[in-house]
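In case you want the letters, here they are:
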Amino acid sequence: RAVPSRPRCCVTPDSKREEIDALVRKHAAIQGPLSEQTDLCGEHGMCVFDLEDLLEEFAERFAVDLSGYLWYFHSDEEGVSPGRWFFPAPQDRVTRIPLQLGLLYRAAELGRWPVEYPEHSLPARRWDTVINQCLVAAIVLSLVWRLVE
C-alpha cells in the first residue's frame, strides 16, 4: 500500500519519519515497533537485493543522493557463494556498519547518504564471483556432455 506524499509545505520531521517508517515496513515486512536503532540488515535480515528496492524508492521519494552508499558495509549478498570459500566477498573485507533506521532519517534531512566510510580497498576483480561462474559453467558443460553421450 503506497503512502501518499505530503505537500512540501506540510512536511514536518515527524511526518517524514512516519513516511520513512511506512516505506521500511512495506519493503521489510516489519510488524513490530521501529526505532532509530532498528537494524534493517542485522535484526530483520534484509539482503542487498531487498535494500536496493527500498533505497531506490527512498531516494526518489525524499530526494536523497545515494551515490556515497556502499552496500557491502551494511549487508550480505543473497544466496550461497562457494567462491567465498577461497576469496572473500566485499562484505567480508570490511567491518560491518549497521544500517539503522536513524541513518535513513538523517539521509532524508541531509539529502545525501550520511555515512563516512573508513578507508578500505577492494580488488579490481571479484574472484569469488569468477569462481562461482566457473562452477556454473562446469556444471552446465557436464550436463550437456551427458546429454550428448
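Refer to the structure above for everything that follows.
Reading the values: the criteria
- Residues numbered from 1 in each chain as written.
- Predicted model: local features only at pLDDT ≥ 70, side-chain atom pairs only at ≥ 80, totals over all residues.
- Heavy atoms only, no water.
- Helix = DSSP H or I, 4+ residues; strand = E, 2+ residues; numbered from the N terminus.
- Buried < 20%, exposed > 50% of the residue type's maximum accessible area, 1.4 Å probe, protein only.
- Contact = heavy atoms within 4.5 Å.
- Patch = residues over 30% accessible without salt bridge, like charges linked within 9 Å, V, L, I, M, F, W, Y side chains within 5 Å.
- Areas by Shrake-Rupley, 256 points an atom, 1.4 Å probe, with all protein chains shown as cover.
- Salt bridge = Lys/Arg side-chain N within 4 Å of Asp/Glu carboxyl O.
- Lys, Arg positive; Asp, Glu negative; His and termini not counted.
- Charge placed at Lys NZ, Arg CZ, Asp CG, Glu CD.
- Phe/Tyr/Trp six-rings, centres within 6.5 Å; stacked < 30°, edge-to-face > 60°.
- Lys NZ or Arg CZ within 6 Å of the ring centre and 35° of its normal.

(A) Summary view of the overall build of the protein. What the protein contains, in helices and strands, is four helices and zero strands. Ordered by position from the N terminus, the helices and strands of the protein form the series α-α-α-α. Expressed as a percentage of the 149 residues in the protein, the buried residues total 34%. Intrachain contacts of the protein at a sequence separation of at least 6 include 66% that bridge at least 24 residues.

(B) Region of the structure containing a negative patch on the surface. A cluster of acidic residues, Asp 50, Glu 52, Asp 53, Glu 56, Glu 60 and Glu 78, forms a negative patch on the protein surface. The topology assignment puts Asp 53 in helix α2 (residues 48-62). For Asp 53, a relative accessible area of 44% gives the class partly exposed.

(C) Looking closely at the packing of aromatic side chains. Per the counting criterion, the structure on display carries five aromatic pairs. Among the aromatic residues, those joined into a ring-pair cluster are Trp 71, Tyr 72, Phe 73 and Tyr 117. Above the ring of Trp 127, the side-chain terminus of Arg 125 is found at 5.5 Å from the ring centroid.

(D) Spatial organisation of the side chain of Thr 38. Along the chain, Thr 38 falls in the loop between α1 (13-28) and α2. Overall, Thr 38 belongs to the buried group, its relative accessible area being 5%.

(E) Geometry of unusual backbone geometry. Positive phi is not limited to glycine here, since Ala 63 has a value of about 50°. Looking at the element boundaries, Ala 63 is found in the loop between α2 and α3 (101-110).

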